[in-house]
Amino acid sequence: MAIPGNLLSPTTETIDPNTSGWMAALNAKIGKGTGGRTGGDGCLGVTSIAAGEMQARTVASYPVTPGTLYQAFADTSGVVPERIGIRWLSATGAEVSVTWSLTTTTATSSWHRVGVAGYAPATADRAQVLLSSTETAANAVHYWENVFFGLPIRTQGNLLPWTTESAEVDTAGWTAVANATVSRQTPISTWAVTNWVAGGHMLAMTAVAAGNASVATVDRPPVTPGVEYLAYAYLQPPTSASTAWIELRFYDGAGAQIAAQRSTLAAPATGFYRQRVSAVAPAGAATCALAAGLDGATAGQVLRLDNVVIAVCPPVVAGTLLDYASSSFEQGTGGWTVASGPGTIARSSPWGAGLEGSYALTLTAATASTTTIRSPHFPGVTPGKNFRAQLNLQVVSGTWSTMAIAVHWYDAAGVSLGASVSTTFPVPTGGWYYLRVDSVAPAGAARAAVEVSPTSSAASSTLRLDGVALWEALPLTLAEAVDDRGYVKLTLRELTLGESLTIYRVTEDGSRTLVRGPAGLIERVPVTSDLMITEDHEAPFGVPVMYRIERYSSSGTLVATRLSDQVTLTLADRNEVWVKDPGNPQRNMRVLVAAAPEWQRPIDQSAMVVRGRRNKVVLSGRRNGLEGELRVWTRSDDERKSLHLLLDSGATLLWQAAAGMGVQDMYVNVGQIAEGRVSPLAQEPWREWTLPLTEADLPAAVGVTSSAGQTWQDVLSQSTTWDAVFAAYPTWEAVLLAQRTE
């Protein structure tokens, strides 16, 4: 999978199929190595000619904007430490300067990440990537792959700027709070090949003396009271017995801290572990920060951090009433209590025992018994509505016979209204399993909790719960016509992560057409969330359609299907047509028809006159599709600009008319257009357009252009002023699609 936003070509990034993107720069020769990480068989082997520093660089140079921050990283393997650099060039190709990373602290032949970032100098026009290692002998080989150069890859939704999320530039986004110094280090860090937000430099907090030590972000992004936030970071503790933690802190408008929530790492060793903490911003909160530290540190101990994020907390299940702490148990037991029975509860330990996140809730029964545990109760209940409770279960030890699950109801004041009739399941063993129950909220109910009553049939039995959720059970599949925007909105709920989906649009005659998504037609697309919303901008008008959803297991086996209800799009004005760009539906528009095409169907023929024969011999190819000129009107300057934008790309378009107008939906290529005035008055906004159409096939490989999660928060995190936004994005569409030009 290509690294998003990479200015390097796929060949230069992956060294597949050859090394043509690279050249020796100093004391080196290059060749293609084997055993790469990115799916191909190649990697870049840089071999020293003599002992000393050797360098390789990209053959090409890449345009840069002065003052803009750029990032470079690569995965590497060798027997000596290494570094990576960005070589800035002037418009004439002369070297301006080089921004080098720190050299890694140790060496390893295992693949590991190196990275650097820097601002393009004022006189820089282009840049190259430099790879460097200092070998101890001739003919030593250093290997490189998965190379990136471009704008920084940041975590979307992060309230913190990238220079605080990552330590690739400097430590300016951090400050020592107590008994600590802040620096950058480059320990050996092995990340998944597609974990592009993890870098080579780590923020290092060093304890000055024995005792508690801590650091915190300088940046304090704004928050909204009542909104739940999730913060996380990779932590590397000095020892597995260390008390390392992160803390989400909230401040009022005057900058005074008014609340904090801490989450302690239960490290199994001294690697990098993602630790999460969540909290609801309290009343009066205006900003937040993330702190990290060690309790009981010895002098000189180091805590390292990377990929630091504060974001609005995503729900474990869409619409769940439970907060993240009570669902995922990342910072403790999440407010759960033992309502009855002898069992005890605790957060699992060490790190890595959870299904959702890194921890789970552990229930231990010393004797054969039934224990009832209950979550905190949360608002959001409507009497008479059906609510669904779900949990994930794993038996750790001992024997468990049954698990009863119920919903406990409360009124608005928190007074108990009793629990629903519980549903009892036999307890499965082996891996993780999810269980669900439904319950209708009684009269007067305004709040609810999840209640769980497992029964152990042997002493010293332990089980884990994780990913607990409670939500109003809305339709699993819902298709809605959005007539004014010309599409059908398809909502799929309660999907299973790890499966894949295929979605068909089905007409009344039973014909099926794949629906388009961000990666092209939605066929065996992996499920990444329990909620999926798809806009079908190619659904026909005036024709009833339904949607067939096929679910496939990770092994590719069809496990279930769904069908939506029928839905029909309508076009109110039969004199209008829709002209759509399948890959850019934000450009779709309605136009008024001046005249429908007079169709032609050309054919390739050659005619030969045979001497002595009356009739020619004609050799024909297959008759081509329809060709003709569609004449339309735009009625305002805005419509005129929109039609130009729609036609600018030259991409295959979709032309749709109302049912009964004698034409079918048609994919078309538009030739040379003509735009004319409808009157000699200069102020007249109407224009008549002639659009030469050539029938085309459905563009199967085109995906719906999207921002993959771009929000206003992402814009704010990267641009502190409107001038910065205008400098970074050429159009509002580019803001929508996260298409920065700098």
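Up top is the structure these notes are about.
Residues numbered from 1 in each chain as written. Predicted model: local features only at pLDDT ≥ 70, side-chain atom pairs only at ≥ 80, totals over all residues. Heavy atoms only, no water.

(A) View of the overall build of the protein. Secondary structure assignment for the protein yields 7 helices and 52 strands. Its C-alpha atoms put the protein at 105 × 80 × 60 Å along the principal axes. Here the protein holds 742 residues, and the buried ones make up 49% of them. For the protein, restricting intrachain contacts to residue pairs at least 6 apart in sequence, the fraction spanning at least 24 positions comes to 73%. Accessible area of the protein: about 31700 Å², with a carbon and sulfur share of 52%. Between the averaged position of the 51 positive side-chain charges in the protein and that of its 62 negative side-chain charges there is a distance of 5 Å. (Helix = DSSP H or I, 4+ residues; strand = E, 2+ residues; numbered from the N terminus. Buried < 20%, exposed > 50% of the residue type's maximum accessible area, 1.4 Å probe, protein only. Contact = heavy atoms within 4.5 Å. Areas by Shrake-Rupley, 256 points an atom, 1.4 Å probe, with all protein chains shown as cover. Lys, Arg positive; Asp, Glu negative; His and termini not counted. Charge placed at Lys NZ, Arg CZ, Asp CG, Glu CD.)

(B) View of the sheet that holds strand β17 (residues 243-251). If you trace the 5 strands from one edge of the open sheet to the other, you get β12-β15-β20-β17-β18, paired in antiparallel fashion. The sheet is open, and its two borders are formed by β12 (174-178) and β18 (257-264), each paired with just one other strand. Looking at each pair of strands side by side, their axes are set apart by 25 degrees on average, direction ignored. Here β12 pairs with strand β15 (residues 211-217) via 4 bridges, running antiparallel. Of the residues in β15, the one forming a bridge with A178 is S214. (Pairing = 2+ DSSP bridges. Axes fitted to C-alpha atoms, helices over the stretch in contact; angles between N-to-C directions.)

(C) A look at the side chain of T155. With respect to the helices and strands, T155 occurs in the loop between β11 (141-150) and α2 (162-165). Residue T155 is classed as buried on the basis of its relative accessible area of 12%. At 2.7 Å, the side chain of T155 forms a polar contact with the side chain of E165. Discounting chain neighbours no more than four positions away, the residues touching T155 are E165, V197, Y232, N307, V309 and D714. (Polar contact = N/O pair within 3.5 Å; in protein donor to acceptor, adjacent residues only side chain to side chain.)

(D) Expanded view of the packing of aromatic side chains. Taken as a whole and judged by the stated rule, the model has 13 aromatic pairs. Seen from their ring centres, W191 and Y234 are 4.7 Å apart, and the 55 degrees between their planes marks the pair as tilted. Placement of W191 in the loop between β13 (180-185) and β14 (202-207) and of Y234 in strand β16 (residues 228-236) is noted, with a sequence separation of 43 residues between them. Of the aromatic side chains, those joined through ring pairs into one cluster are Y62, Y70, W88 and F149. The ring of Y251 has R220 lying over it, and the distance from NZ or CZ to the ring centre is 3.7 Å. (Phe/Tyr/Trp six-rings, centres within 6.5 Å; stacked < 30°, edge-to-face > 60°. Lys NZ or Arg CZ within 6 Å of the ring centre and 35° of its normal.)

(E) Just the sheet that holds β16, in detail. Spatially, the 5 strands line up as an open sheet ordered β13-β14-β21-β16-β19, and their pairing is antiparallel. For this open sheet the edge positions go to β13 and β19 (273-280), each flanked by a neighbour on one side alone. Strand-to-strand, the axes of this sheet are offset by a mean angle of 30 degrees, without reference to chain direction.

(F) Representation of the pairing of strand β49 (residues 653-657). Taken across its 5 residues, β49 has 5 buried, putting it largely inside the fold. Burial along β49 is two-sided: the residues L653, W655 and A657 and L654 and Q656 are all buried. In this structure, strand β44 (residues 576-580) lies alongside β49, joined through 4 bridges in antiparallel fashion. Counterpart to K580 in the pairing with β49 is L654. In terms of strand pairing, β49 meets strand β50 (residues 666-670) through 3 bridges, oriented antiparallel. In the sheet register, W655 faces β50, and the bridge partner there is M666.

(G) View of unusual backbone geometry. Looking along the chain, the bond that leaves D16 and enters P17 is cis, with omega of 10 degrees. Inspection of the secondary structure assignment puts P17 in the loop between α1 (10-14) and β1 (22-26). Following S349, the chain continues into P350 via a peptide bond in cis, with omega recorded as 5 degrees. Tracing the backbone through its elements, the reader meets P350 in the loop between β23 (344-347) and β24 (361-365). Even without glycine at this site, I15 takes up a positive phi of about 60 degrees. In this structure I15 comes out as buried when scored by relative accessible area, which is 0%.

(H) Spatial organisation of a nonpolar patch on the surface. Side chains of W712, W722, F726 and W732 sit close together on the surface and give an oily, nonpolar patch of about 560 Å² of accessible area. The exposure class of F726 is exposed, given its relative accessible area of 52%. (Patch = residues over 30% accessible without salt bridge, like charges linked within 9 Å, V, L, I, M, F, W, Y side chains within 5 Å. Salt bridge = Lys/Arg side-chain N within 4 Å of Asp/Glu carboxyl O.)

(I) Here's a closer look at helix α4 (residues 637-648). With 12 residues, α4 should cover 16 Å at 1.5 Å per step; its first-to-last C-alpha distance of 16 Å lies within 8% of that length. Of the residues making up α4, those classed as buried are E639, L643, L646 and L647. The arc that holds the buried residues of α4, viewed along the axis, is 90 degrees, so those residues lie on one side. In this structure, α4 carries D638, K641 and D648 as exposed residues pointing more than 90 degrees from its buried face. For α4, the elements touching its buried residues are β44, β45 (589-595), β48 (627-634), β49, β50 and β52 (687-696). Positive phi shows up at G650, right after α4, with a value of about 75 degrees. (Expected span 1.5 Å × (residues − 1). Arc of directions from axis to C-beta.)

(J) Looking closely at the pattern of salt bridges. Applying the stated criterion to the full structure yields 27 salt bridges. Its salt-bridge partner being R388, residue D438 comes within 2.7 Å of it at the nearest N-O pair. Taken together, the residues span a long stretch of sequence, with D438 in strand β31 (residues 433-440) and R388 in strand β27 (residues 386-397) at a distance of 50 residues. On the basis of relative accessible area, D438 is assigned to the partly exposed category, the value being 38%. Residue class for R388 comes out buried when judged on its relative accessible area of 16%.

(K) View of the nonpolar core. V223, L248, F250, L303, L305 and I310 are the most contacted members of the largest nonpolar core, which has 37 residues in total. At the level of secondary structure, the elements contributing two or more residues to this core comprise β14, β15, β16, β17, β19, β20 (287-297) and β21 (302-312). It is β20 that contributes the most residues to this core, 5 residues altogether. Residues contacting L248, with those up to four places away along its chain left out, are Y229, A231, A259, A260, Q261, V277, S278, A279, C288, A289 and I310. Judged by nonpolar contacts, the second largest core, of 34 residues, contains F329, V381, I405 and L463. (Core = buried A, V, L, I, M, F, W, Y, C linked by side-chain atoms within 4.5 Å.)

(L) Representation of the environment of R249 in the model. Relative to the helices and strands, R249 is located in strand β17. Sequence separation of R249 and L646 is 397 residues, and the distance between their C-alpha atoms is 47 Å. Apart from the residues within four sequence positions on either side, R249 is in contact with Q257, A259, A260, T287, C288, A289 and A291. Of note is the side chain of R249, whose polar atom sits 2.6 Å from the side chain of E247.

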